[in-house]
Amino acid sequence: MKTKLSNKELNELLEWFGLSDKEIHITLEDDIKDVMDKYYDENQEHEQKKKEFVSLFKECYSDIVKIMELDPHKRVAVNCFTCIKGMDLSKQYGKPKKK
């Protein structure tokens, strides 16, 4: 069962806890600012990790390609004929094979 408090009742309740409207407002602002700062710091940390990953990937790219070439299952096409020759297959994509 919800009941609405009037301003007078709310002020009496706040006085009972020893708080004022201004103190609650300042506390809420501080809490919101802390949450925003935490989100910003986490976002900056994530962006830094992305930059670090990209730089490491660029540094180790040739090693990664060698590993993919030696993969016995050939899950990633590294040196396929059409890639080496630079053939344009964009107009052939999705066409059914002729039997």
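Residues numbered from 1 in each chain as written. Predicted model: local features only at pLDDT ≥ 70, side-chain atom pairs only at ≥ 80, totals over all residues. Heavy atoms only, no water.

Comments concerning the overall build of the protein chain
To be explicit about the condition: Secondary structure elements follow DSSP: runs of H or I of four or more residues count as helices, runs of E of two or more count as strands, with numbering from the N terminus. For the exposure calls, accessible area comes from a 1.4 Å probe over protein chains only, and a residue counts as buried if that area is under 20% of its type's maximum, exposed if over 50%, partly exposed in between. Under the convention used here, a 1.4 Å probe and the Shrake-Rupley method define accessible areas, while residue burial counts only the protein chains that appear.
The helix and strand tally for the protein chain stands at 4 helices and 0 strands. For the protein chain, the succession of helices and strands along the chain, N to C, is α-α-α-α. Here the protein chain, with 99 residues, has 3% of them falling under the buried criterion. With an accessible surface of roughly 10,300 Å², the protein chain has 59% of that area assigned to carbon and sulfur atoms.

Details of the packing of aromatic side chains
The condition is simple: Aromatic contacts are taken between Phe, Tyr and Trp rings whose centres are within 6.5 Å, Trp giving its six-membered ring; a plane angle under 30 degrees counts as stacked, one over 60 as edge-to-face, and the others as tilted.
Under the definition given, this model contains 2 aromatic pairs. Both rings, one in Phe57 and one in Tyr61, keep their centres 5.8 Å apart while their planes meet at 65°; by these two values the pair is edge-to-face. When its relative accessible area of 36% is taken as the criterion, Phe57 is described as partly exposed. Judged by its relative accessible area of 47%, Tyr61 is partly exposed. Following the ring pairs from residue to residue traces out a cluster consisting of Phe53, Phe57 and Tyr61.

Looking at the pattern of salt bridges
To keep it simple, the criterion reads: The term salt bridge refers to a pairing of a side-chain nitrogen on Lys or Arg with a carboxyl oxygen on Asp or Glu at a separation within 4 Å.
Counted under the stated rule, the structure contains 4 salt bridges. For Glu45, the salt bridge is made with Lys49, and the minimal N-O distance between the two is 3.5 Å. One end of the pair is Glu45 and the other is Lys49, both in helix H2 (residues 21-59) and 4 residues apart, which spans about a single turn. With relative accessibility at 46%, the residue Glu45 sits in the partly exposed group. Overall, the relative accessible area of 52% leaves Lys49 in the exposed class. Residue Glu47 is joined to Lys50 by a salt bridge in which the shortest nitrogen-to-oxygen separation is 3.6 Å. One end of the pair is Glu47 and the other is Lys50, both in helix H2 and 3 residues apart, which spans about a single turn. Residue classification places Lys50 among the partly exposed residues on the basis of a relative accessible area of 42%.

Overview of the confidence of the model for the protein chain
For clarity, the cut-off: Note on scores: pLDDT gives the predictor's confidence for each residue, bounded by 0 and 100.
Taken as a whole, the protein chain shows an average pLDDT of 80; of its residues, 71% reach a score of 70 or greater. Between the elements of the protein chain, mean pLDDT differs from a low of 66, seen in helix H4 (residues 81-85), to a high of 90, seen in H2.

Topic: a nonpolar patch on the surface
Our working rule: Think of a patch as exposed residues, more than 30% relative accessible area, with no salt bridge, where like charges cluster within 9 Å and nonpolar side chains (Val, Leu, Ile, Met, Phe, Trp, Tyr) cluster within 5 Å.
A grouping of Phe53, Val54, Phe57 and Tyr61 is seen on the molecular surface, where their side chains present a nonpolar patch of about 410 Å² in accessible area. The element contributing the most residues to the nonpolar patch is H2, with 3 residues. With respect to the helices and strands, the residue Tyr61 is situated in helix H3 (residues 61-69).

Observations concerning unusual backbone geometry
For Lys74, which is not a glycine, the phi torsion comes out positive at approximately 50°. Along the chain, the position of Lys74 falls in the loop between H3 and H4. Classification of Lys74 as exposed rests on a relative accessible area of 56%.

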